[in-house]
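# Structural description and commentary
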Amino acid sequence: MIQRRLLAGVSAAVVCLTVGAAQAAHLDNMIVFGDSLSDGGRLFAITAGTQPASPPYFNGRFSNGPVWVELLPAKLGFDYNFATNFAVGGAESGTGGPVGVATQVNTLAAATPVTASSLVVVWAGANDVLNKLATTPPTTLVGSMVTNIATAVGTSAARGGRNFLVPNLPDLGKTPGGAATGQGFNLGAVTQIYNNALATQMSSMEASTGARITVMDTFGLFSDVLTNPSLYGIANTSIPCLSTTGPTGACATAAAADGALFWDPIHPSATAHAVLANFAAATIDQDINGSKVAAVTSFLAPQILDNVRQNVNDRLNVLRLTNDRERSTLPSGVYGAIKYGTGDRDAGPGVVGFEYDMTGFTFGYDYVLNDSFVVGAQVSYITADADMDAGRGKVDADSYGFATYIGYRQGGIWVDLSGAGSWEKYDIDRATGFTQRALAEGKTNGNSYYVALDAGANLVASSNLAAGPFVGVRYIAADIDAYTETGAAMFNLDVDSQKNTGAIGAIGLQVAGKYASGGTAITPHLRVSYEKELDKLSHTVSATSLVGQTRTATGGTGNDDWILVGAGLNV
């Protein structure tokens, strides 16, 4: 990967452009297996338009409008295809029901192509619980349900499927139908046992199949809707529009129907299905990009550290390249600098794209020991912010740094040794893409350091101009503490600690001039270098969802290289 970075400013400013290709799951079709929650009219077709009765149901859907899987494709960038929605109302996870999920997979969809760009949805289990809990031990029931779902996923993976969406179950005990049984507590307990077992099994299947299996936290969504209905435009969470005997009167107007969570005792309303489709799209996006958003801090930390290093280089270059043996134009070798930087990075294998700005304030002191040696130190404060592409969020950082350096010169040959450490505070805002829980917020701390050795020669030297080549190598390390997001309910992630280390080599040319005006020395300088990772920077970030799925983003393979251009003016 070739990167291009430009530095310019009063002392210097940073502009960084990284050229790379974004990696994301490419989906262009969907295959659905499930029950009435996903049935787009298949049972209606099988029963010659008799089930469910339409009206009051909508065109064979178990709701008063389209179901969520009919709405989801448009949010993912492709068209819905009824022919590949095999969900049938009443289906159980195995062969039970009018057409169970196992039969859907093995018979109805046997000739349907499954490709690496297919999204395969497998959602079932509610009918297993409602039909069998009274006669089957919970552990036996849950075990069979998880096995059935795993078999459906495994069969589709063997056919070529690489992208799966497997929703868990909502709390069945809190549906109007579940509560009416008097077994609400037991239904809720079995639901949670199943959901935990499902998440564990899907993680194991990912390892064995190599597929991406996203577990959707329907349980968390349903709980959030019940707790905060107004966020979702819901006014009625307990009385369905229809009972087993007819209308309940709770949805006498269109507005009342729009504000109802349930169309009948166990099936969501059209409003709820629309929320579910949005939730599914946001869940898929988070599963692909959540850890890549968290990785922005890991990529930003070295940029902040490089700002500190450039301050050191600027100071030494001014003293050396102008053949200046004086301590400074300021008393006692004290100096200050302000550096502004801006740049961007394209999305890559382990990070979303982002643009950044940073402003650094430096205060330093150096002492010229003799004609050959200068030593010094500086402290810095840098404020930085990164805005992520596609509105995915932003990172604000404050950094406090301390650097020391020693420069040696003999004739036209020079050698510099420098090192610095910095301490950072990060505020991370991650956009979830889900309106009702739009922002996940994280706060964490970090620390970084570098050690650099540079050497070069002044091949052109006069009282007002100096130029020459240089080479250098530096080692950098950045650590960022773990943190847990807040504010986004079921979208909050636990982000593990991050460590980013590596070595960078450089070779280039630098030029400086010196002009006096009214007793003030003005020193412009230019530095151009080719830089390459000698030991690849190890960006590795892991983020875990509330259902226990961990995604890890890495910086990819191959050592990056880039052109660094720096220009500045010291007064």
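Residues numbered from 1 in each chain as written. Predicted model: local features only at pLDDT ≥ 70, side-chain atom pairs only at ≥ 80, totals over all residues. Heavy atoms only, no water.

## With respect to unusual backbone geometry
Going from glutamine 51 to proline 52, the amide bond is cis rather than trans, its omega being -10 degrees. Residue position: proline 52 is located in the loop between helix 1 (42–46) and helix 2 (68–76). That bond from serine 54 to proline 55 is cis: its omega, -5 degrees, falls within 30 degrees of zero. Within the secondary structure, proline 55 sits in the loop between helix 1 and helix 2. (Helix = DSSP H or I, 4+ residues; strand = E, 2+ residues; numbered from the N terminus.)

## A look at the packing of helix 3 (residues 101–108) against helix 5 (residues 138–158)
Relative orientation of the contacting elements helix 3 and helix 5 amounts to 15 degrees, with a least axis distance of 9 Å. Relative to helix 5, the element helix 3 lies roughly parallel. Classified by chirality, the crossing of helix 5 by helix 3 is left-handed. Residue-level contacts link Val101, Val105 and Asn106 of helix 3 to Ala152, Thr155 and Ser156 of helix 5. A breakdown of the residues in the contact of helix 3 with helix 5 according to their chemical character gives three nonpolar, three polar and no charged. (Axes fitted to C-alpha atoms, helices over the stretch in contact; angles between N-to-C directions. Parallel < 35°, antiparallel > 145°, perpendicular 65-115°, else oblique. Left-handed = near helix turned anticlockwise from the far one by under 90°. Contact = heavy atoms within 4.5 Å. Nonpolar A, V, L, I, M, F, W, Y, C, P; charged D, E, K, R; others polar.)

## Some thoughts on the sheet that holds strand 6 (residues 212–216)
Where strands meet in a sheet, backbone hydrogen bonds hold them as pairs that are either parallel or antiparallel. What the four strands build is an open sheet, ordered 3-4-5-6; its pairing is parallel. Bordering the open sheet on either side are strand 3 (29–34) and strand 6, each of which pairs with just one other strand. The mean angle between the axes of side-by-side strands here comes to 20 degrees, regardless of whether they run parallel or antiparallel. Taken strand by strand, helix 7 (residues 184–209) contacts strand 5 (163–167) and strand 6, and its axis lies near 170 degrees from that of strand 6. (Pairing = 2+ DSSP bridges.)

## Re helix 3
Every buried residue belonging to helix 3 is among Val101, Gln104 and Val105, and all of these are buried. The arc enclosing the buried residues of helix 3, seen along the axis, measures out at 90 degrees, which places them on a common side. Tucked inside the fold, the buried residues of helix 3 contact strand 3 and helix 5. (Buried < 20%, exposed > 50% of the residue type's maximum accessible area, 1.4 Å probe, protein only. Arc of directions from axis to C-beta.)

## Details of the environment of glutamine 436
Among the structural elements, glutamine 436 can be located in the loop between strand 13 (413–431) and strand 14 (439–457). Glutamine 436 sits 271 residues away from leucine 165 along the chain, and the two C-alpha atoms are 21 Å apart. Ignoring sequence-local partners within four residues, the contact set of glutamine 436 consists of Leu231 and Tyr232.

## Considerations on the packing of aromatic side chains
For the structure shown, the criterion picks out 13 aromatic pairs. Taking the centre distance of 6.0 Å and the plane angle of 90 degrees together, the rings of phenylalanine 222 and phenylalanine 262 count as edge-to-face. With phenylalanine 222 in helix 8 (residues 218–227) and phenylalanine 262 in the loop between helix 9 (254–258) and helix 10 (270–294), the pair connects residues that are 40 residues apart, well separated along the chain. Each of the two residues, phenylalanine 222 as well as phenylalanine 262, counts as buried. Taken together, Tyr232, Phe279, Phe434 and Phe491 form an aromatic cluster joined through their ring pairs. Across the ring face of phenylalanine 82, the terminal group of arginine 42 is positioned such that the distance to the ring centre comes to 5.0 Å. One cation-aromatic arrangement involves arginine 527 over phenylalanine 470; the distance from NZ or CZ to the ring centre is 3.9 Å. (Phe/Tyr/Trp six-rings, centres within 6.5 Å; stacked < 30°, edge-to-face > 60°. Lys NZ or Arg CZ within 6 Å of the ring centre and 35° of its normal.)

## Side note on the sheet that holds strand 17 (residues 483–484)
On the basis of which strands lie adjacent, the open sheet formed by four strands has the order 17-18-22-23 and antiparallel pairing. This sheet does not close on itself; its edge strands, each paired only once, are strand 17 and strand 23 (550–554). Sheet topology note: the strand 18 (residues 494–495)/strand 22 (residues 540–544) ladder contains two bridges and is antiparallel. By the bridge assignment, valine 495 is partnered in strand 22 with alanine 543. Contacting strand 17, strand 18, strand 22 and strand 23, helix 10 runs over the sheet at an angle of about 55 degrees to strand 23.

## Digging into the nonpolar core
Counting 73 residues, the largest nonpolar core has Trp68 and Met202 as its most contacted members. Take this core: its biggest share by element is 10 residues, from helix 10. For tryptophan 68, the residues in contact, after removing those within four places along its chain, are Leu37, Ser38, Val121, Trp123, Leu165, Pro167, Met216, His273, Leu276, Ala277 and Ala280. (Core = buried A, V, L, I, M, F, W, Y, C linked by side-chain atoms within 4.5 Å.)

## Some remarks on the environment of alanine 116
Within the element layout of this structure, alanine 116 appears in the loop between helix 3 and strand 4 (118–123). With 155 residues separating them along the chain, alanine 116 and threonine 271 place their C-alpha atoms 32 Å apart.

## Digging into the pairing of strand 13
The sheet contact formed by strand 12 (residues 393–410) and strand 13 spans 18 bridges and is antiparallel. Bridged to tyrosine 400 within strand 13 is tryptophan 423. Joining the antiparallel neighbours strand 12 and strand 13 is a turn of two residues, in which glycine 411 adopts a positive phi near 65 degrees.

## Re helix 7
Taking 1.5 Å per residue as the helical rise, helix 7 with its 26 residues ought to reach 38 Å, and the 36 Å between its terminal C-alpha atoms agrees with that figure. Positive backbone phi, approximately 80 degrees, marks glycine 210, located one or two places after helix 7. (Expected span 1.5 Å × (residues − 1).)

## Considerations on the pattern of salt bridges
Per the counting criterion, the structure on display carries 16 salt bridges. Arginine 437 serves as the salt-bridge partner of aspartate 224, at 2.9 Å between the closest nitrogen and oxygen. Of the two residues, aspartate 224 is situated in helix 8 and arginine 437 in the loop between strand 13 and strand 14; the sequence distance between them amounts to 213 residues. Exposure class is identical for aspartate 224 and arginine 437. Each is buried. A salt bridge links lysine 394 to aspartate 396; its shortest N-O distance comes to 3.8 Å. It is possible to trace a salt-bridge network through shared partners that takes in Glu206, Arg212, Asp287 and Arg551. (Salt bridge = Lys/Arg side-chain N within 4 Å of Asp/Glu carboxyl O.)

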